[in-house]
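Descriptive analysis of the structure
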Amino acid sequence: SVYSQPLLAENFDYPAGTLLTDVGWTAHSGAGTNSVDVGVPGLTFTGYPLSDIGGAALADNTGEDIHKTFPVQNSGTVYAAFMVKVDGSANGYFMHLGGDPIGYNFRGKLFLIGTASPFNFGMSVGSNTATPITDGSFTFGTTYLFVLKYEIIEGTDNNIVSLYVISGEIPATEPALPSVGPLTDPGQSDINPASIAIRQFNASQKVTVDGIRIATSWADAVTAEFSLEDNTPPIFTLGYPAVANVDATQADLEVSMD
């Protein structure tokens with residue numbers, strides 16, 4: 001079997017009620033207010049390797065927004081795959097990418113559009129105005145597979161975002177036409193992607209997110225088998241390895257890594 005080598009894999013495999021800020025996620029807004037926690041069981045989507053593992057993230061109120069980091073990407077393409085189920089909708093964005101630190105430049109914003117079922121999804125590069133899925137019609141209580149694509153293009157303010165929303169069979173390779181995009185926006189600065197965020201913006205939103213996998217290819221993010229082994233090598237903290245306590249005959253080698 002060929003296993004994926006993702007930048008990040010998150011199955012929310014924690015007990016029900018676990019606060020995500022206690023298991024590697026960081027609050028960047030509204031910390032402690034209606035905290036994002038874990039619901040059990042998680043989501044299922046036929047054919048997706050991260051389906052039906054552990055629990056899921058419940059972004060079901062207004063308040064705390066959280067993110068989790070992955071190794072910073074300075075070139076190429078980032079694919080973020082994850083399952084989404086909506087049981088209550090409000091107009092606004094609920095997920096996005098960011099840098100590390102996350103800052104305020106949120107890119108690849110994913111939107112709920114509409115307040116009742118059927119509703120729609122949309123996307124923007126970074127503005128608060130979404131481009132909706134043409135003729136998109138989605139229903140409460142149904143699990144969909146999302147793939148958010150962020151392409152780093154040489155130059156400034158020209159990176160590209162695309163969105164694929166899959167409701168049936170998962171394509172073995174990247175489809176020629178995304179559900180939304182490709183989108184560019186010269187009014188939005190580029191980022192070096194290094195974090196994914198879940199946003200709580202309205203008390204009416206009832207969004208469940210599960211099975212996040214981020215990689216640099218469609219196969220590694222979407223279709224490759226999932227291994228429970230940790231296949232990602234550790235990364236040195238900035239400034240390490242370092243030499244300290246140097247004298248005439250010896251020195252200390254210091255290392256720090258994730």
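All of these numbers come straight from a predicted model, not from anything done at the bench.

Scanning the protein chain from N- to C-terminus turns up one helix and 17 strands. Its C-alpha atoms give the protein chain a radius of gyration of 19 Å, within 12% of the compact-globule value 18 Å for 258 residues. In terms of its C-alpha atoms, the protein chain occupies a principal-axis envelope of roughly 75 × 45 × 40 Å. Looking at the protein chain as a whole, 47% of its 258 residues are labelled buried.

On to the packing of aromatic side chains. According to the stated counting rule, one finds 14 aromatic pairs in the structure shown. With centroids separated by 6.3 Å and ring planes inclined at 90°, the aromatic side chains of Tyr79 and Trp218 adopt a geometry described as edge-to-face. One end of the pair, Tyr79, is in strand S6 (residues 77-88); the other, Trp218, is in helix H1 (residues 218-223), and 139 residues separate them in sequence. Exposure class is identical for Tyr79 and Trp218. Each is buried. Where Phe94 meets Phe121, the ring centres are 6.4 Å apart and the plane angle is 50°; that geometry is what we call tilted. Of this pair, Phe94 sits in strand S7 (residues 92-98) while Phe121 sits in strand S9 (residues 120-124); the two residues are 27 residues apart in sequence, bridging distant segments of the chain. Phe121 matches Phe94 in its accessibility class, with the two residues each being buried. Among the aromatic residues, ring-to-ring pairing joins Phe82, Phe94, Phe119, Phe121, Phe138, Phe140, Tyr144 and Phe146 into one connected group. The ring of Tyr93 has Lys109 sitting right over it, with the charged end atom 4.3 Å from the ring centre. Lying over the aromatic face of Tyr93, Arg199 brings its terminal NZ or CZ to 3.8 Å of the ring centre.

Attention now goes to the pattern of salt bridges. Using the criterion set out here, one finds four salt bridges in the structure. Two residues, Lys149 and Glu151, come together in a salt bridge whose shortest N-O distance is 3.9 Å. Each member of the pair, Lys149 as well as Glu151, is classed as buried. Between Lys149 and Glu174 there is a salt bridge, with the nearest N and O atoms lying 2.6 Å from each other. Within this pair, whereas Lys149 is found in strand S11 (residues 143-151), its partner Glu174 is found in the loop between strand S12 (160-166) and strand S13 (180-183), the two being separated by 25 residues in sequence. By relative accessible area, which is 26% here, Glu174 ends up partly exposed. Connected through shared salt-bridge partners, Lys149, Glu151 and Glu174 make up one network.

About the criteria used
- Residues numbered from 1 in each chain as written.
- Predicted model: local features only at pLDDT ≥ 70, side-chain atom pairs only at ≥ 80, totals over all residues.
- Heavy atoms only, no water.
- Helix = DSSP H or I, 4+ residues; strand = E, 2+ residues; numbered from the N terminus.
- Rg over C-alpha atoms; globule rule 2.2 N^0.38 Å.
- Buried < 20%, exposed > 50% of the residue type's maximum accessible area, 1.4 Å probe, protein only.
- Phe/Tyr/Trp six-rings, centres within 6.5 Å; stacked < 30°, edge-to-face > 60°.
- Lys NZ or Arg CZ within 6 Å of the ring centre and 35° of its normal.
- Salt bridge = Lys/Arg side-chain N within 4 Å of Asp/Glu carboxyl O.

As far as function goes, none of this settles anything; it's purely spatial.
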